[in-house]
Amino acid sequence: MLLADVAWRLGPRALTLYGWHRAQRLAGLPQRRLREGAWPAAQPGVLGPAPLPPAPALPSSARERVRAALDALPPAAWHGPFAAEADALGLDLFRPGDVRPVWEANRLAWLPLLVQAGRLWPEEGHHAAAEARLAAWCAANPPYRGPNWACGQEAALRALHLALALLLAGRERAPPAAARAFLQVHARRIAATGAYARAQDNNHSISEPAGLLACGWLLEDAALARHAAADLAAALRRLVAPDGGFAQVSTGYHRLLLDTLAVVELLRRRLGRPPLPAPFADRAAAAARWLARLVAADGALPALGHQDGSAFADLALGGPADARGSAERAMRLFTGSSAGFPGEPGCRWLDLPESRPFPRPAAWTASGTRGWEAAEARALLRTGPLRFRPGQADLLHLDLWDGTHPVLADAGTGAYNPPAGERWWLDYFPAARAHNTILFDEREPMPRLSRFLLARWPRLAARPHGAALRDAHGNRHARDVRPEGRCWTIADEVAGPFRSLALRWRLGPGEWRLLADGAEGPARLRLGGDAPLRLSLEEGWESPAYGVVRPCRVLVARAAAPVSRIVTQVLLP
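These remarks concern the structure in this document. (Residues numbered from 1 in each chain as written. Predicted model: local features only at pLDDT ≥ 70, side-chain atom pairs only at ≥ 80, totals over all residues. Heavy atoms only, no water.)

### Side note on the overall build of the protein
Each helix and strand in the protein was counted, giving 16 helices and 19 strands. In summary, the protein has a C-alpha radius of gyration of 24 Å against a globular reference of 25 Å for 573 residues, a match within 12%. With the C-alpha coordinates aligned to their principal axes, the bounding extent of the protein is approximately 75 × 55 × 45 Å. In the protein, which comprises 573 residues, the share counted as buried stands at 59%. Here the contacts in the protein between residues at least 6 apart in sequence split such that 69% fall between residues at least 24 apart. (Helix = DSSP H or I, 4+ residues; strand = E, 2+ residues; numbered from the N terminus. Rg over C-alpha atoms; globule rule 2.2 N^0.38 Å. Buried < 20%, exposed > 50% of the residue type's maximum accessible area, 1.4 Å probe, protein only. Contact = heavy atoms within 4.5 Å.)

This is the structure we're talking about:
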């Protein structure tokens, strides 16, 4: 019954595409397409001959970041616990360990970095080091063998990082033969499992046509570029709403979306290609504004949805915890305005002119979220509609930040395939109990069928100041959020057949102590309701970075039926 429920919600398009992918796999079609894979015979360098263009004017802090990143370069090739010579499409990506860190390390982010270093310090040999590292990577990763060829998206992101490196090196108009050979091998891998990418209705559906488009342009393959451009525009039409909401409601994956689109747009402009088909420009601009509203002054983002620790095309070298470069670049490229970070180093590397900051609304609505900003604080509410599969049971979760400090925070992700002793992460972090919402009868509202698939999605509806849901058990929850100066009021109304409920507020860093009517720490929380509340300050868990888990404090308000209303006031200092 649960499988039937999920199939109905995913819809015929996704099921047909995934079924077609499975049928192709069973027939051995992708395997045959990738059976004969080999790098061409040794050719001159991928980046072309030195010298590289001079570096732009940068503050000393940006130059120091480049130097620090050089000192922390990972190995040129790494396969983790996975077999390097195994057939990529037949590889077990879960039993040996977590493939996610392996993929991140092999996206070739060091290639643009070494071009940056070569432009800053040409006498140090970074250009030659980039060529040597890429040759070593290719030798350790024969085409279509091992974990780094198991996913079409990873091939696409490597192709885009090479495109970015060519842009920085000024070689995008006439890529060297070795670069073209590298791109041809990657284009073939991406195209082999295109139905799978389209079926996902998430970042794969964006990244993979974006990678093929970059390959098509750089290889001067008009047919490949034309089809990829059409697929990318269609994916944006389907997955990014006119208000900027992304089908994958995740701040981390929204950032990856914009970073991917930014590399494509930069390449398009440098090559003088015509604009991409509608609605590419409008949807990219709306998505850029969505992210820019959420970035704190230090680059931090709420950990809404799945967080995989990506930092793609990160020319400012801020890492996963600093999204300023992503937001500023996207805003300048797609809206002609600024996210509020003048002098952003990554934009200087790309010669993107300074722009005026965009107007920040006091309240806004997007597909999947609502936001507010008042007196230097901002809040983000997870809402509907649920047109696409939710990644976590985070509906009506609320994040509240005071400047750069999270007061009410999301738990994060843990890891997609945690170590054997930490398998509880898979149940804990996606669950409703790991979010700032109400749990009825301590029963999760959406059964989990797999790592990334939940069943029995609640019905959601908009409200003037928030949103409401009804779960499969008949329980109803409506949440309104109202800021007034430095006081935020969250009103929760409930109804249904439940016997008890628990409202959880996951508290941000700081010293917190329990009070009779709430808690006090970096902020003051006061709770009241139309039934007695039993308050406790409990230990929970949070994941501040991928693969990292630490204790946190959770304020829990429990009540027995009949209770219909709980009001929380958050008083910021």
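There's plenty left to go through after this.
### Looking at the packing of helix H7 (residues 152-169) against helix H12 (residues 251-271)
For the pair H7 and H12, interaxial distance at closest approach is 10 Å and the crossing angle is 45°. By the angle class used here, H7 and H12 are oblique. In this structure, H7 crosses over H12, and the sense of that crossing is left-handed. Across the interface between the two elements, Gln153, Leu157, Leu160, Ala163 and Leu167 from H7 touch Leu256, Thr260, Val263, Val264, Leu266, Leu267 and Arg270 from H12. (Axes fitted to C-alpha atoms, helices over the stretch in contact; angles between N-to-C directions. Parallel < 35°, antiparallel > 145°, perpendicular 65-115°, else oblique. Left-handed = near helix turned anticlockwise from the far one by under 90°.)

### Some thoughts on the sheet that holds strand S9 (residues 459-463)
What the eight strands build is an open sheet, ordered S9-S10-S11-S12-S19-S16-S15-S14; its pairing is antiparallel. Sheet topology places S9 and strand S14 (513-515) at the edges, where each strand pairs with a single neighbour. Neighbour-to-neighbour, the strand axes of this sheet turn through a mean angle of 20°, independent of strand direction. Pairing of strand S11 (residues 476-484) with strand S12 (residues 487-495) involves nine bridges; the strand directions are antiparallel. (Pairing = 2+ DSSP bridges.)

### Digging into the state of the cysteines
When the sulfur atoms of two cysteines share a covalent bond, that bond is a disulfide. A complete count under the given rule lists zero disulfides for this structure. Free cysteine: cysteine 151, not disulfide-bonded; nearest cysteine sulfur from cysteine 215 at 15 Å. Not engaged in a disulfide, the cysteine cysteine 215 finds its nearest cysteine sulfur in cysteine 138; these two sulfurs lie 13 Å apart. (Disulfide = S-S within 2.5 Å.)

### Considerations on the packing of H12 against helix H13 (residues 280-292)
Helix packing for two helices is described by the angle between their axes and how far apart those axes are. Their axes nearest at 10 Å, the elements H12 and H13 cross at an angle of 135°. In terms of orientation, H12 lies oblique with respect to H13. The interaxial crossing formed by H12 with H13 has left-handed handedness. Residues Thr251, His254, Arg255, Leu257, Leu258, Leu261 and Glu265 of H12 pack against Phe280, Ala284, Ala287, Ala288, Trp290 and Leu291 of H13.

### Thoughts on the nonpolar core
Counting 118 residues, the largest nonpolar core has Leu111, Ile206, Leu213, Leu232 and Leu261 as its most contacted members. Setting aside its immediate chain neighbours within four residues, leucine 111 contacts Leu47, Ala130, Leu134, Leu162 and Ala165. (Core = buried A, V, L, I, M, F, W, Y, C linked by side-chain atoms within 4.5 Å.)

### Comments concerning the packing of aromatic side chains
The tally for this structure, following the rule as stated, stands at 18 aromatic pairs. For the pair tyrosine 144 and tryptophan 149, a centre-to-centre distance of 5.3 Å together with 75° between the ring planes defines the contact as edge-to-face. Here the two residues tyrosine 144 and tryptophan 149 agree in accessibility, since each one is buried. Pairing tryptophan 424 with phenylalanine 429 gives two aromatic rings, centres 6.3 Å apart and planes at 25°, and the pair type is stacked. A residue is classified by how much of its surface remains accessible, and tryptophan 424, at 32% relative accessible area, is partly exposed. You can call phenylalanine 429 buried: its relative accessible area is 0%. (Phe/Tyr/Trp six-rings, centres within 6.5 Å; stacked < 30°, edge-to-face > 60°.)

### Focus on the sheet that holds strand S1 (residues 363-366)
Within a sheet, each strand pairs with its neighbour through backbone hydrogen bonds, oriented either parallel or antiparallel. Here five strands make up an open sheet; going across it, the order is S1-S2-S3-S4-S5 and the pairing antiparallel. The open sheet has two edge strands with one neighbour each: S1 and strand S5 (405-408). On average, each strand axis in the sheet is tilted by 20° relative to the strand beside it, whichever way the strands run. Where strand S3 (residues 377-382) meets strand S4 (residues 398-402), five bridges bridge the pair, whose relative direction is antiparallel. Residue alanine 377 lies in a different strand from S4, and its bridge partner there is aspartate 402.

### So, helix H8 (residues 177-192)
Between its terminal C-alpha atoms H8 stretches 23 Å, which fits the 22 Å expected from 16 residues at 1.5 Å a residue. For H8, the set of buried residues is Ala178, Ala179, Ala181, Phe182, Leu183, Val185, His186, Ala187, Arg189, Ile190 and Ala192. Among the structural elements, helix H2 (29-33), helix H6 (126-140), H7, helix H9 (194-200), helix H10 (203-219) and helix H11 (222-239) are those in contact with the buried residues of H8. (Expected span 1.5 Å × (residues − 1).)

### Re unusual backbone geometry
Residues alanine 50 and proline 51 are joined by a peptide bond in cis, for which omega reads 5°. In this fold, proline 51 is placed in the loop between H2 and helix H3 (60-71).

### Examining the environment of phenylalanine 388
With respect to the helices and strands, the residue phenylalanine 388 is situated in the loop between S3 and S4. Sequence separation of phenylalanine 388 and arginine 9 is 379 residues, and the distance between their C-alpha atoms is 8.1 Å.

### Regarding H6
A rise of 1.5 Å per residue sets the reference length of H6, with its 15 residues, at 21 Å; its end C-alpha atoms lie 21 Å apart and thus fit the reference within 8%. Looking only at H6, the buried set comprises His126, His127, Ala130, Glu131, Arg133, Leu134, Trp137 and Cys138. Down the axis, H6 shows its buried residues gathered within 165° of arc, on one side only. (Arc of directions from axis to C-beta.)

### A closer look at the pairing of S9
Note that S9 and strand S10 (residues 466-470) share five bridges and pair antiparallel. Across the sheet, residue leucine 460 finds its bridge partner in S10, namely leucine 469. Adjacent in sequence and paired antiparallel, S9 and S10 are bridged by two residues.

### A short note on the environment of alanine 155
Residue position: alanine 155 is located in helix H7. Once the C-alpha coordinates of alanine 155 and serine 207 are considered, the two residues, 52 residues apart in sequence, prove to be 9.6 Å apart.

### What to know about the pattern of salt bridges
Counted under the stated rule, the structure contains 31 salt bridges. With its nearest N and O atoms 3.1 Å apart, the salt bridge here joins aspartate 308 to arginine 100. Taken together, the residues aspartate 308 in the loop between H13 and helix H14 (324-334) and arginine 100 in helix H4 (residues 100-105) connect sequence positions 208 residues apart. Each member of the pair aspartate 308 and arginine 100 is classed as buried. Note that arginine 332 and glutamate 328 form a salt bridge whose closest N and O atoms lie 2.7 Å from each other. Of the two residues, arginine 332 and glutamate 328 both sit in helix H14, four residues apart, roughly one turn of that helix. The residues arginine 332 and glutamate 328 share a single accessibility class, namely buried. When salt bridges with common partners are traced through the structure, they connect Arg100, Glu104, Arg107, Glu154 and Asp308 into a single cluster. (Salt bridge = Lys/Arg side-chain N within 4 Å of Asp/Glu carboxyl O.)

Treat this as a map of the structure, not an account of what it does.
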